[in-house]
Amino acid sequence: MEDLTSGPPLARGDTDAARRLSDAALLGRFADGDAMAARQLTDRLGPRCYSVALRMLGNRAEAEDITQEAMMRLWRIAPDWEAGHAQVSTWLYRVTLNLCRDLRRRKRPDPLEDGIDPADSTPSVVDRMQDAARQDALQSALDQLPERQRQAVVLRHIEELPNPQIAGIMEVSVEAVESLTARGKRALAAILAERREELGYENG
Amino acid sequence: MKMADHDQELDHLFAAARQHRPALPEVLAVRIETDAEAVRLQRLAPVPRAARPIWRRAFDGIGGWRGFGGLAAASAAGVWIGFSAPAFLPDPANYLLSQETVYLVADLSLDVVILEETE
């Protein structure tokens with residue numbers, strides 16, 4: 001296989017060249033001093049990291065700090081990254097989840113300070129409010145799940161990752177992932193059932 | 001509500017969550033890229049001299065290990081010459097060990113000499 005970790009630096013705006021490179025190849029180029037590789041990795045991995053952190057924490061400011069810290073660890077590990085050791089995204093998801101867990105342990109969960117806003121393209125104000133309420137309800141229900149169940153449910157049903165990758169991220173077997181996801185979904189359903197009247201879900 | 005309805009409801013919520021997946025805030029992207037640039041430049045730049053401890057700077061000042069080796073050899077040679085001088089050099093050990101007292105007198109009264117000559 002062609003070694004793409006070395007080679008001429010990526011030109012600004014040369015997204016086609018960058019798109020052909022794997023995350024590990026881009027990381028190798030960053031370690032060699034290629035600044036554009038960092039930009040590509042930020043575009044590619046930053047949103048995933050932020051999305052997971054936001055779902056795990058339910059707080060934008062904290063999710064931003066965790067994302068920045070996780071990406072900082074990626075920049076620092078770049079020269080020591082061993083090709084073929086693990087997928088970069090798997091490693092980054094694991095680091096992000098661990099940082100979220102540590103933050104939550106330090107600071108017991110507060111009521112949601114900053115719910116996740118729905119998109120503004122829904123047709124009516126009522127629909128928008130219901131949509132927002134549902135998203136807040138999902139977030140607060142997720143917040144009540146045990147840590148490992150929440151991780152499994154977020155990675156499987158919101159990030160849509162395959163079970164083998166989730167197993168790699170969480171460092172458990174695929175069977176354990178399936179079990180955590182199933183229990184997490186049951187628990188979510190029970191929490192949401194209690195709030196159904198409040199949500200007005202029958203109207204949606 | 002049946003279990004299948006619960007699952008359907010959850011699936012709707014997950015679908016909505018996926019649809020509203022947040023974009024990376026622009027400010028955060030800038031923060032991340034600034035970090036990356038700082039790490040990259042730090043890796044490319046040599047360690048600043050001022051960051052090294054003072055003993056290390058002094059050690060480098062005498063030429064590092066090479067300079068230190070030369071200094072040690074010169075010191076050893078000096079000690080050796082001091083106690084076992086070659087024939088063509090005066091032996092300082094004799095001065096130290098002999099019972100004789102040697103006086104070295106320097107006449108600094110040049111003004112007297114000059115005065116005597118002018119008189």
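See the structure above.
Everything quoted here is computed from the prediction, not taken from an experiment.

Basis of the calculations
- Residues numbered from 1 in each chain as written.
- Chains lettered and ligands numbered in written order.
- Predicted model: local features only at pLDDT ≥ 70, side-chain atom pairs only at ≥ 80, totals over all residues.
- Heavy atoms only, no water.
- Core = buried A, V, L, I, M, F, W, Y, C linked by side-chain atoms within 4.5 Å.
- Buried < 20%, exposed > 50% of the residue type's maximum accessible area, 1.4 Å probe, protein only.
- Helix = DSSP H or I, 4+ residues; strand = E, 2+ residues; numbered from the N terminus.
- Domains from an automatic or database assignment.
- Contact = heavy atoms within 4.5 Å.
- Buried area = accessible area lost by both parts, 1.4 Å probe.
- Salt bridge = Lys/Arg side-chain N within 4 Å of Asp/Glu carboxyl O.
- Polar contact = N/O pair within 3.5 Å; in protein donor to acceptor, adjacent residues only side chain to side chain.
- Axes fitted to C-alpha atoms, helices over the stretch in contact; angles between N-to-C directions.
- Parallel < 35°, antiparallel > 145°, perpendicular 65-115°, else oblique.
- Left-handed = near helix turned anticlockwise from the far one by under 90°.
- Nonpolar A, V, L, I, M, F, W, Y, C, P; charged D, E, K, R; others polar.

**Thoughts on the nonpolar core**
Residues and elements named next belong to chain A.
(1) Moving on: Among the nonpolar cores identified, the biggest contains 65 residues, and F30, L74, W75, L92, L142, L155 and L188 are the most heavily contacted of them.
(2) Moving on: In terms of residues, this core owes the most to one element, helix 3 (residues 35-57), which gives 11 residues.
(3) Moving on: Both domains that meet at this core, namely domain 1 (1-114) and domain 2 (116-204), each give it at least three residues.

**Some thoughts on the interface of chain B and chain A**
Interfaces are often sized by the accessible area lost when the parts come together.
(1) Moving on: In this assembly, 28 residues from chain B lie in contact with 43 residues from chain A.
(2) Moving on: Carbon and sulfur atoms make up 65% of the area that chain B and chain A hide from each other, which totals about 3,300 Å².
(3) Moving on: Across the pair R31(B) and D65(A) runs a salt bridge, and its minimum N-O distance is 2.9 Å.
(4) Moving on: Applying the counting criterion to the chain B and chain A interface returns 10 residue pairs in polar contact (both at pLDDT 80 or more).
(5) Moving on: Elements with a contribution of two residues or more to the side of chain B that touches chain A: helix 1 (3-19) and helix 2 (26-44) of chain B.
(6) Moving on: For the side of chain B that touches chain A, the leading source of residues is helix 2 of chain B, giving 11 residues.

**Side note on unusual backbone geometry**
Residue and element names in this part refer to chain A.
(1) Moving on: Positive phi values are uncommon outside glycine, yet E160 reaches one of about 60°.
(2) Moving on: Here E171, not a glycine, exhibits a phi torsion of approximately 55°, which is positive.
(3) Moving on: For E171, the position within the fold is in the loop between helix 8 (163-170) and helix 9 (174-194).

**Thoughts on the packing of helix 4 (residues 60-77) of chain A against helix 5 (residues 88-106) of chain A**
Residue and element names in this part refer to chain A.
(1) Moving on: Between helix 4 and helix 5, the least distance of the axes is 9 Å, while the angle of their chain directions is 135°. Between helix 4 and helix 5, the angle falls in the class oblique. In the packing of helix 4 onto helix 5, the handedness of the crossing is right-handed. Counting all contacts with helix 4, which are made through E62, I66, E69, A70, M71, R73, L74 and I77, the residues of helix 5 involved are V88, W91, L92, V95, T96, L99, C100 and L103.
(2) Moving on: Per-class residue counts for the contact of helix 4 with helix 5 are 12 nonpolar, one polar and three charged.

**Brief notes about the packing of helix 3 of chain A against helix 7 (residues 147-158) of chain A**
All names here are of chain A.
(1) Moving on: As a packed pair, helix 3 and helix 7 sit with axes 10 Å apart at the nearest point and diverge in direction by 140°. By the angle class used here, helix 3 and helix 7 are oblique. Relative to helix 7, helix 3 is oriented so that their crossing is right-handed. From helix 3, V52, R55 and M56 reach across to helix 7, where they touch E147, R150, Q151, V154, L155 and I158.
(2) Moving on: In the contact of helix 3 with helix 7, the residues fall into five nonpolar, one polar and three charged.

Fair warning: the whole summary comes from geometry, so function is off the table for now.
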